[in-house]
Amino acid sequence: MRRPSPIDREKFLKDNEILVSKTDLKGKITYGNERFIEISGYSEEELLGAPHSIIRHPDMPKIVFKVLWDGIEAGNEVRAYVKNLAKDGSFYWVFATVTPSYDPKSGKIIGYFSVRRAPNREKLSLIEPLYRELLSAEKGGGMKASGEMITKFLEEKGVSYDEFINTL
């Protein structure tokens, strides 16, 4: 499926709306609630089995997803501000909480569960400049450069990524 070209039109979630999706271990979508399907602009058939990255906006630094994946693969709950790309090229910001799903018998991770809600716009104004800097570093020096930048940023603040997001 061809990825859309981004356009400068934002869609907004209402404060009481929640987007839900589930993926398998490789990040392929196995479930999406009605509002997730609606805001993404894709049909349920297009989303199911597709990689969750189908909605990844090119303005998102890859290092943020690496931090997210490292956390959930280790069995942790991870929160992140994410700019998503809809099928029509518009975008929508979310505050995501991603958790591993476990097999009740074996206790092994069998997939991931993501609940997303409207971001706090004031906090988003702090995230956007950081993401622009990380993306710029990635364009110039790849993931290594953005990884070093986010590590330095967090060390200067004396917090982990989760602590930073949770204390915004």
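Everything numeric in this text was worked out from a predicted model, so none of it was measured.

Points about the layout of surface pockets
Quantified by volume, the largest pocket comes out at close to 370 Å³. As for the largest pocket, its lining consists of 23 residues, of which His52, Ser53, Phe65, Leu68 and Trp69 are closest to the centre. At the level of secondary structure, the elements contributing two or more residues to the lining of the largest pocket comprise strand S1 (18-23), helix H3 (62-73), strand S3 (78-85), strand S4 (91-102) and strand S5 (109-117). Considered class by class, the residues forming the lining of the largest pocket number 12 nonpolar, 7 polar and 4 charged.

Concerning H3
Here H3 is 12 residues long and its end C-alpha atoms lie 16 Å apart, about the 16 Å a rise of 1.5 Å per residue gives. The set of residues buried in H3 consists of Ile63, Val64, Phe65, Leu68, Gly71 and Ile72. Buried-residue contacts for H3 involve S3, S4, S5, helix H4 (121-157) and helix H5 (161-167). Gly75, located one to two residues past H3, shows a positive phi value of around 90°.

Details of the sheet that holds strand S2 (residues 29-32)
As summarised here, the arrangement of the 5 strands in space is S2-S1-S5-S4-S3, forming an open sheet in which the pairing is antiparallel. With partners counted over all chains shown, the strands left at the sheet margins are S2 and S3, one partner each. Direction aside, neighbouring strands of the sheet carry axes that sit 30° apart on average. Contacting S3, S4 and S5, H3 runs over the sheet at an angle of about 135° to S3. Most of the contacts of H4 go to S4, to which it runs at about 90°, and overall it touches S3 and S4.

Re the nonpolar core
Counting 43 residues, the largest nonpolar core has Val64, Tyr81, Tyr92, Ile127, Tyr131, Tyr161 and Ile165 as the members making the most contacts within it. When contributions to this core are tallied by element, the ones reaching two or more residues are helix H1 (34-40), H3, S3, S4, S5, H4 and H5. Excluding anything up to four places from it in sequence, Tyr161 contacts Val64, Val67, Arg79, Ala80, Tyr131, Ile150 and Leu154.

So, the packing of aromatic side chains
For the structure shown, the criterion picks out 4 aromatic pairs. Relative to Tyr112, the ring of Trp69 has its centre 5.2 Å away and its plane inclined at 85°; by these criteria the two rings are edge-to-face. Taken as a pair, Trp69 in helix H3 and Tyr112 in strand S5 lie far apart in primary sequence, 43 residues in all. A cation over a ring is seen here: Lys22 above Tyr31, with NZ or CZ 5.8 Å from the ring centre. Its guanidinium or amino end placed over the ring of Phe91, Lys83 lies 4.3 Å from that ring's centre, counting from NZ or CZ.

Observations regarding the side chain of Thr97
Relative to the helices and strands, Thr97 resides in strand S4. Classification of Thr97 as buried rests on a relative accessible area of 17%. Beyond its immediate stretch of four places on either side in the chain, Thr97 contacts Glu77, Val78, Arg79, Phe113, Ser114 and Val115.

Re H4
The end-to-end C-alpha distance of H4 is 22 Å, clearly below the 54 Å that 37 residues give at a rise of 1.5 Å each. The largest bend in H4 is about 140°, located at Gly141. Turning to H4, its buried residues number three or more, namely Leu124, Ile127, Leu130, Tyr131, Leu134, Leu135, Ala137, Glu138, Ser146, Gly147, Ile150 and Leu154. Contact partners of the buried residues in H4: H3, S3, S4 and H5.

Each value, and the rule that gives it
- Residues numbered from 1 in each chain as written.
- Predicted model: local features only at pLDDT ≥ 70, side-chain atom pairs only at ≥ 80, totals over all residues.
- Heavy atoms only, no water.
- 1 Å grid on protein atoms, 1.4 Å probe; cavity = no way out; pocket = protein on both sides within 12 Å on 5 of 7 lines; lining within 4 Å.
- Points joined across faces, edges and corners; volume = space filled by probe spheres on them.
- Helix = DSSP H or I, 4+ residues; strand = E, 2+ residues; numbered from the N terminus.
- Nonpolar A, V, L, I, M, F, W, Y, C, P; charged D, E, K, R; others polar.
- Expected span 1.5 Å × (residues − 1).
- Buried < 20%, exposed > 50% of the residue type's maximum accessible area, 1.4 Å probe, protein only.
- Contact = heavy atoms within 4.5 Å.
- Pairing = 2+ DSSP bridges.
- Axes fitted to C-alpha atoms, helices over the stretch in contact; angles between N-to-C directions.
- Core = buried A, V, L, I, M, F, W, Y, C linked by side-chain atoms within 4.5 Å.
- Phe/Tyr/Trp six-rings, centres within 6.5 Å; stacked < 30°, edge-to-face > 60°.
- Lys NZ or Arg CZ within 6 Å of the ring centre and 35° of its normal.
- Bend = angle between axes of the 7 residues up to and from the residue.

Such coordinate-based values are descriptive only and should not be taken to indicate function.
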